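Reading the structure
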Amino acid sequence: MTDTPVPAFTRSTLPKTLRDWRASGWKPEGTTPRDVWTPLEPFFLEQGLILWKKDSIPMLPFRVVPGKGFPRSPDGFVYSALVSDSSRGSRFDVVKAIHCPARTIDNRYVLIRLVAKGDDGLNHLEALRRLGTGAVAFRGDNHIVPMLREIVLDDMIFVVFPLLRDGFDSPWYYNYGEVLDAIHQVTEGLAFCHERLVAHLDIDVDNILINFTGGPTQDGVTYDSGGNPGPPSPFRADFPVRYYLNDFELAVCYGHDSDPSTRVVSGLPTKGLHGKYGRAVVPEMLSEQPYCPFRADVWQLGRMFLRCFQHLDEPWTPLTQLFIEMTSEAPLSRPTMAQALKCIRQFRSTLSWDSLSSRVPRPPPGTPPKSITLEPLPEPATDALATDPGNAPDTDRESPNV
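Structure report, in brief.

Here is what the cut-offs are and how they apply
- Note on numbering: residues in each chain are counted from 1, in written sequence order.
- Restriction of local features to residues with pLDDT of at least 70 applies here, the model being predicted, together with a cutoff of 80 or more for giving and counting side-chain atom pairs; totals for whole chains, interfaces and linings are based on all residues.
- No hydrogens and no water enter the side-chain calculation; it runs on all heavy atoms of the structure.
- Helix and strand assignments follow DSSP, with helices taken as H or I runs no shorter than four residues and strands as E runs no shorter than two, numbered in order from the N terminus.
- Burial classes follow relative accessibility: with a 1.4 Å probe on protein chains only, a residue under 20% of its type's maximum area counts as buried, one over 50% as exposed, and anything between as partly exposed.
- Residue contacts are counted whenever heavy atoms from the two residues lie within 4.5 Å of one another.
- Where accessible areas are quoted, they stem from the Shrake-Rupley method and a 1.4 Å probe; at the residue level, only the protein chains shown are allowed to cover.
- In this scheme, strands are said to pair when DSSP sees at least two bridges between them.
- Definition used for salt bridges: Asp or Glu carboxyl oxygen within 4 Å of a side-chain nitrogen of Lys or Arg.

1. Looking at the overall build of the protein chain
- When you go through the protein chain residue by residue, the secondary structure sums to 10 helices and 16 strands.
- Counting all 402 residues of the protein chain, 53% fall into the buried class.
- Considering only contacts in the protein chain between residues 6 or more positions apart, those separated by 24 or more positions represent 76%.
- In the form shown here, the protein chain has an accessible surface area of approximately 17,800 Å², with 55% of it arising from carbon and sulfur atoms.

In structure tokens:
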């Protein structure tokens with residue numbers, strides 16, 4: 001880490017709080033979130049990081065690029081498809097001032113994010129340190145975007161990540177094997193978080209990244225630099241696909257020696273922080289009664305899976321039923337994340353090669369997930385929460401459907 005005070009002239013131009021950083025960049029007219037980072041360019045250059053510059057496209061003032069002549073160096077984090085224009089991975093739209101892409105002096109592409117300022121954001125930082133650093137960062141079942149560096153500047157803590165892209169369901173899957181791999185990896189990653197007593201509370205497709213640098217792609221078709229479609233191909237068969245969980249800004253962490261009855265939260269995850277909660281609201285979040293954040297994660301993940309995959313027919317019905325159980329209105333009726341993972345692995349063992357290699361249809365547009373309600377529900381008493389397996393080590397659970 002580097003501990004360097006902010007020069008007075010720079011301090012006066014930077015947002016004062018973490019909330020201000022999130023909201024900055026679009027005023028006065030003609031400015032963009034990337035402009036917030038301009039006073040910090042010399043500092044990050046001293047750290048061996050060159051911030052990406054604004055592109056020259058007037059209609060896309062928020063787009064930044066690394067500059068001509070600086071292609072991404074292989075870094076082990078990302079791959080491109082066999083038929084793709086990998087230069088399209090050299091673009092990034094900075095629509096929030098909280099982060100900015102950069103390149104290292106040897107042309108590795110990274111993303112710098114302001115995680116903490118003063119006392120704000122320390123829970124986010126704790127989650128990242130617990131999950132994305134040290135020996136646990138090398139675990140095969142750890143699907144958290146790894147932390148490469150922490151950089152301290154005055155009262156701000158910036159974190160450096162490898163630059164990845166979103167892609168959980170885009171391009172759409174080529175076959176059922178790709179679908180099951182994605183389901184397994186994401187569930188495995190969240191089970192890893194829960195094992196370390198970190199609940200995410202902000203789960204959806206845009207917070208799941210993929211180790212791909214080419215694109216864009218659609219429906220398993222990749223496009224060349226002229227925008228011409230290549231032949232249909234199993235996109236995810238071109239490289240070892242790995243899905244990553246991103247954005248632990250709303251996460252909550254508990255100590256392993258903490259009393260299980262204290263591992264609860266109440267209200268929306270954004271309460272006392274910033275803005276509206278931009279996710280589907282877990283039923284118990286509408287009550288002010290304490291609830292288990294780990295069971296809330298299960299609900300959000302089940303809902304996301306239903307939205308993407310509930311249209312799949314036999315032999316996938318048992319998996320759909322698991323997702324419905326994950327979105328049960330009663331938190332204690334939901335499986336824990338580890339139990340859901342075990343069911344998914346059991347289901348995978350029943351499938352033939354022909355089933356896994358079959359083409360998978362896209363979901364019909366506008367189909368709401370099954371068994372979802374946003375009505376407030378009564379919560380179990382605190383002593384019931386103390387015995388909730390979501391607040392304690394997971395126990396085995398045999399699925400009745402696989």
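2. Here's the deal with the pairing of strand E9 (residues 156-162)
- A large share of E9 lies buried, amounting to seven of its seven residues.
- Of the two faces of E9, the one holding Met156, Phe158, Val160 and Pro162 and the one holding Ile157, Val159 and Phe161 are both buried throughout.
- Where strand E7 (residues 109-117) and E9 come together, seven bridges link them in antiparallel fashion. Across the sheet, Val110 pairs through a bridge with Pro162, a residue of E9.
- Bridge count for strand E8 (residues 149-153) against E9 is five bridges, and the pairing is antiparallel. Bridge pairing in E9 places Ile151 opposite Phe158.
- Here E8 hands over to E9 after two residues, with Asp154 in that stretch at a positive phi of 55°.

3. Details of the sheet that holds strand E12 (residues 208-210)
- Spatial strand order, E10-E12-E15: three strands in an open sheet with antiparallel pairing. In the strand order of this sheet, the two ends are held by strand E10 (165-166) and strand E15 (243-245), each with one partner.
- Pairing of E10 with E12, which is carried by two bridges, proceeds in the antiparallel orientation. Within the sheet, the bridge partner assigned to Arg165 lies in E12 and is Ile210.

4. As for the pattern of salt bridges
- For the structure shown, the criterion picks out 21 salt bridges.
- The salt bridge partner of Arg113 is Glu249, with a shortest N-O separation of 3.4 Å. In this pair, Arg113 is assigned in strand E7 and Glu249 in the loop between E15 and strand E16 (252-253), connecting sequence segments 136 residues apart. Here Arg113 and Glu249 have matching classes, each one buried.
- The partner of Glu188 in a salt bridge is Arg345, and the shortest N-O contact between them spans 2.9 Å. With a gap of 157 residues between them, Glu188 in helix H5 (residues 176-195) and Arg345 in helix H8 (residues 337-349) connect regions that are remote in the sequence.

Keep in mind these values describe shape, not function.
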